[in-house]
Amino acid sequence: MIGRLPLSWRVALLVAVTGAVVLLLSAVAMVINARTAIKLEVEANRGLARDYVIAAVGSLMRENTPEAVVTFLPGALYQPRHARITVVDRTTGLTHFPEVPSTAERDGEEAPRWFRRLLAPPIQQVVLPIQVGPRIYGDVLITSDPFDEIFEVWQDFRTLSVIGALAYALTLVALVVVVTRTLRPLNQMADVLARLETGDYAARIGSVSVPDLDRLAGHVDQLAVALEHTMGEKDALTRKLVTVQDEERRSVARELHDEFGPCLFGLRVEARAILEEAERSNAAKQVGHARSILEVVEQIQAANRALLGRLRPMTIGQLPLSQVLEDLLESLAGIGGEMTWSRDLSPELGVHDETTDLTAYRIVQEAATNVLRHAGASRIHVEARYTDACGQRIAIRVTDDGKGIEPSHATGAGLQGMKERARSVGGCLSVRSVAGGGSTIEAQIPVASGSAV
């Protein structure tokens with residue numbers, strides 16, 4: 001459980017436990033010392049009280065009879081500290097108590113019972129008989145009374161406890177505040193590192209107020225600068241690679257269209273001529289061969305058209321992006337089996353520069369193809385629209401109800417390619433699983449100023 005606490009609370013807990021142990025040990029030491037001091041004080045005062053009573057009795061005996069001594073003795077005495085004197089008249093059986101000086105009064109206030117039991121030494125009593133010859137006229141009882149001393153100790157203990165508790169609490173509060181503020185730069189570093197992890201390479205910490213952490217913050221900022229520079233170079237290379245790939249596809253598509261197309265058309269014309277001549281000559285064998293040639297040519301032409309569509313859709317740059325995506329989804333729906341397709345393609349999506357339209361096309365194509373191949377979904381929904389009135393960014397969302405993407409699943413070449421293609425034009429792409437099943441792919445593609453038609 002302690003391992004889950006923040007560092008500031010761990011330090012505070014350590015200091016709190018240490019402080020509590022110190023306070024407890026201090027209290028134990030104070031109690032032990034107080035008990036020893038009270039015992040010595042009470043014994044000393046009991047001895048003084050004994051001497052005091054003997055002196056008072058001797059003084060009265062010089063001028064009074066023993067009976068009068070017993071009568072006058074209570075008035076001649078006062079109660080000393082830490083002892084209680086009681087005069088017992090054996091003739092009358094009465095008990096007399098000397099007066100208590102006003103300075104010894106506590107206004108009825110006493111230490112708590114548990115505190116008195118903790119500090120009070122055993123109560124002891126001394127009996128001094130008032131005796132002349134064999135006859136005892138009375139007794140003076142001197143009983144130890146540590147409770148005045150205990151009350152004084154209790155007052156000190158209570159005051160020190162309040163002061164100690166306040167100091168303890170203030171120390172803990174100050175410690176938590178200081179440690180929290182000291183560690184605040186670490187939270188800033190964690191935030192910056194999290195932003196770097198999400199691709200925000202412009203995140204910086206700057207100077208921090210804690211000298212010990214300022215150097216670390218500087219290294220984190222240097223790392224961010226290096227990452228920003230490296231990712232800038234990587235994006236430039238990716239942009240160049242995508243441009244080269246698109247140009248290569250365009251070149252291959254042009255070759256297929258300009259070279260293979262006429263050749264296949266010529267083969268088709270020649271095969272048709274052979275078929276007609278064989279039919280006029282009633283040459284059944286030649287008719288079969290001619291028809292086979294026509295079927296092969298048709299298959300090659302169909303494969304050539306499909307390959308041209310994959311390399312570079314011919315409608316890119318010719319039709320509005322909304323119509324291009326509509327045609328793509330129609331073709332994919334034809335191979336999607338029983339899957340339900342729905343789409344929300346804004347008719348405002350017009351013709352943009354070729355890079356923008358081709359990027360949007362490839363992202364939708366790859367996302368929908370991944371759903372068909374891997375998601376096991378029964379429904380797919382595709383959205384595409386401008387994110388603002390100025391049409392400066394195109395937002396794309398592809399959602400399905402399939403099995404989703406496991407957090408531990410490594411990013412495949414398709415998803416990585418979509419992210420790099422979006423980033424190459426200054427956009428972004430995110431992939432996340434949806435609660436209850438399925439996944440969502442969202443992309444933001446900037447539109448070059450003046451490119452929309």
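Refer to the structure above for everything that follows.
Rules used throughout
Residues numbered from 1 in each chain as written. Predicted model: local features only at pLDDT ≥ 70, side-chain atom pairs only at ≥ 80, totals over all residues. Heavy atoms only, no water. Helix = DSSP H or I, 4+ residues; strand = E, 2+ residues; numbered from the N terminus. Buried < 20%, exposed > 50% of the residue type's maximum accessible area, 1.4 Å probe, protein only. Contact = heavy atoms within 4.5 Å. Areas by Shrake-Rupley, 256 points an atom, 1.4 Å probe, with all protein chains shown as cover. Pairing = 2+ DSSP bridges. Axes fitted to C-alpha atoms, helices over the stretch in contact; angles between N-to-C directions. Salt bridge = Lys/Arg side-chain N within 4 Å of Asp/Glu carboxyl O. Phe/Tyr/Trp six-rings, centres within 6.5 Å; stacked < 30°, edge-to-face > 60°. Parallel < 35°, antiparallel > 145°, perpendicular 65-115°, else oblique. Left-handed = near helix turned anticlockwise from the far one by under 90°. Nonpolar A, V, L, I, M, F, W, Y, C, P; charged D, E, K, R; others polar. Core = buried A, V, L, I, M, F, W, Y, C linked by side-chain atoms within 4.5 Å.

Some remarks on the overall build of the chain
So, step 1. Assigned secondary structure in the chain consists of nine helices and nine strands.
So, step 2. Across the 453 residues that make up the chain, the buried fraction comes to 35%.
So, step 3. Residue pairs at least 24 apart in sequence account for 66% of intrachain contacts in the chain once pairs closer than 6 positions are excluded.
So, step 4. Carbon and sulfur atoms form 58% of the exposed surface of the chain, whose accessible area is close to 26,900 Å².

Some words on the sheet that holds strand β4 (residues 135–144)
So, step 1. Here four strands make up an open sheet; going across it, the order is β2-β1-β4-β3 and the pairing antiparallel. Single-partner strands in this sheet number two, and they are β2 (95–96) and β3 (125–132).
So, step 2. Note: strand β1 (residues 83–89) against β2, two bridges, orientation antiparallel. Bridge pairing links Val87 to His96 in β2.
So, step 3. Contacting β1, β3 and β4, helix α1 (residues 7–61) runs over the sheet at an angle of about 155° to β4.
So, step 4. Here helix α2 (residues 66–76) sits on the sheet and contacts β1, β2, β3 and β4; the angle it forms with β4, its principal contact strand, is near 25°.

Describing the pattern of salt bridges
In a structure, side chains of opposite charge can pair up when their charged atoms sit close to one another.
So, step 1. This structure, assessed with the given rule, holds 14 salt bridges.
So, step 2. The closest approach of N and O atoms between Glu152 and Arg81, which form a salt bridge, is 3.2 Å. Residue Glu152 is located in helix α4 (residues 147–197), and its partner Arg81 is located in the loop between α2 and β1; the two are separated by 71 residues in the primary sequence.
So, step 3. Overall, Glu152 belongs to the partly exposed group, its relative accessible area being 31%.
So, step 4. Across the pair Glu442 and Arg432 runs a salt bridge whose closest N-O atoms are separated by 3.8 Å. Placement of Glu442 in strand β9 (residues 439–446) and of Arg432 in strand β8 (residues 428–433) is noted, with a sequence separation of ten residues between them.
So, step 5. Residue classification places Arg432 among the partly exposed positions, given a relative accessible area of 42%.

A look at the sheet that holds β9
So, step 1. Sheet architecture is open: five strands sit in the order β5-β6-β7-β9-β8, paired in mixed fashion. Each edge of the open sheet carries a strand with a single partner, namely β5 (340–345) and β8. This sheet shows a mean twist of 10° between the axes of neighbouring strands, independent of strand direction.
So, step 2. The sheet contact formed by β5 and strand β6 (residues 379–386) spans six bridges and is parallel. In the sheet register, Arg343 faces β6, and the bridge partner there is Val382.
So, step 3. Relative to the sheet, helix α7 (residues 321–333) contacts β5, β6 and β7 (393–400), its axis offset from that of β5 by approximately 180°.
So, step 4. Its contacts with the sheet place helix α8 (residues 354–375) against β5, β6, β7, β8 and β9, and it is angled at close to 170° to β9.

Some points on the packing of aromatic side chains
So, step 1. Summed over the entire model, instances satisfying the criterion amount to six aromatic pairs.
So, step 2. Taking 5.3 Å as the distance between ring centres and 50° as the angle between the ring planes, the aromatic pair formed by Tyr52 and Tyr78 counts as tilted. Of this pair, Tyr52 sits in helix α1 while Tyr78 sits in the loop between α2 and β1; the two residues are 26 residues apart in sequence, bridging distant segments of the chain.
So, step 3. Residue Tyr78 is classed as partly exposed on the basis of its relative accessible area, which comes to 45%.
So, step 4. Cluster of aromatic residues (ring-pair linked, three or more members): Trp114, Phe115, Trp154 and Phe157.

Section: the packing of α7 against α8
What describes two packed helices is the angle between their axes and the distance between those same axes.
So, step 1. Between α7 and α8, the shortest axis-to-axis distance is 10 Å and the interhelical angle comes to 20°. Between α7 and α8, the angle falls in the class roughly parallel. For α7 against α8, the interelement crossing comes out right-handed. Taken together, the residues of α8 that come into contact with α7 (itself represented by Leu321, Val324, Leu325, Leu328, Leu329 and Leu332) are Asp357, Ala360, Tyr361, Val364, Gln365, Ala368, Thr369 and Leu372.

Considering the pairing of β4
The side chains of a regular strand alternate, first on one face of the sheet and then on the other.
So, step 1. The element β4 is largely enclosed, with a buried count of eight among its ten residues.
So, step 2. Pairing of β1 with β4, which is carried by seven bridges, proceeds in the antiparallel orientation. When the sheet's bridge partners are listed, Ile85 is paired in β4 with Ile142.
So, step 3. Note that β3 and β4 share eight bridges and pair antiparallel. Its bridge partner being in β4, Val127 is matched across the sheet by Leu141.

Structural notes on the packing of α1 against α4
So, step 1. Between α1 and α4, the least distance of the axes is 10 Å, while the angle of their chain directions is 165°. If you check the angle between α1 and α4, you find them roughly antiparallel. By crossing handedness, the relation of α1 to α4 is classed as right-handed.
So, step 2. The residue makeup of the contact of α1 with α4, split by class, is 22 nonpolar, three polar and three charged.

Thoughts on the environment of Phe151
So, step 1. Within the secondary structure layout, Phe151 lies in helix α4.
So, step 2. C-alpha separation for the pair Phe151 and Pro112, spaced 39 residues apart in sequence, amounts to 8.8 Å.

Focus: the nonpolar core
So, step 1. Within the largest apolar cluster, 36 residues are counted, with the highest numbers of intra-cluster contacts made by Ile380, Ile394 and Ile396.
So, step 2. Put simply, the parts of the chain that give this core at least two residues each are α7, β5, α8, β6, β7, α9 (413–424) and β9.
So, step 3. At nine residues, α8 tops the list of elements feeding residues into this core.
So, step 4. When residues no more than four places from it in sequence are discounted, the contact partners of Ile380 are Met339, Thr340, Trp341, Ser342, Ala368, Val371, Val398, Thr399 and Asp400.

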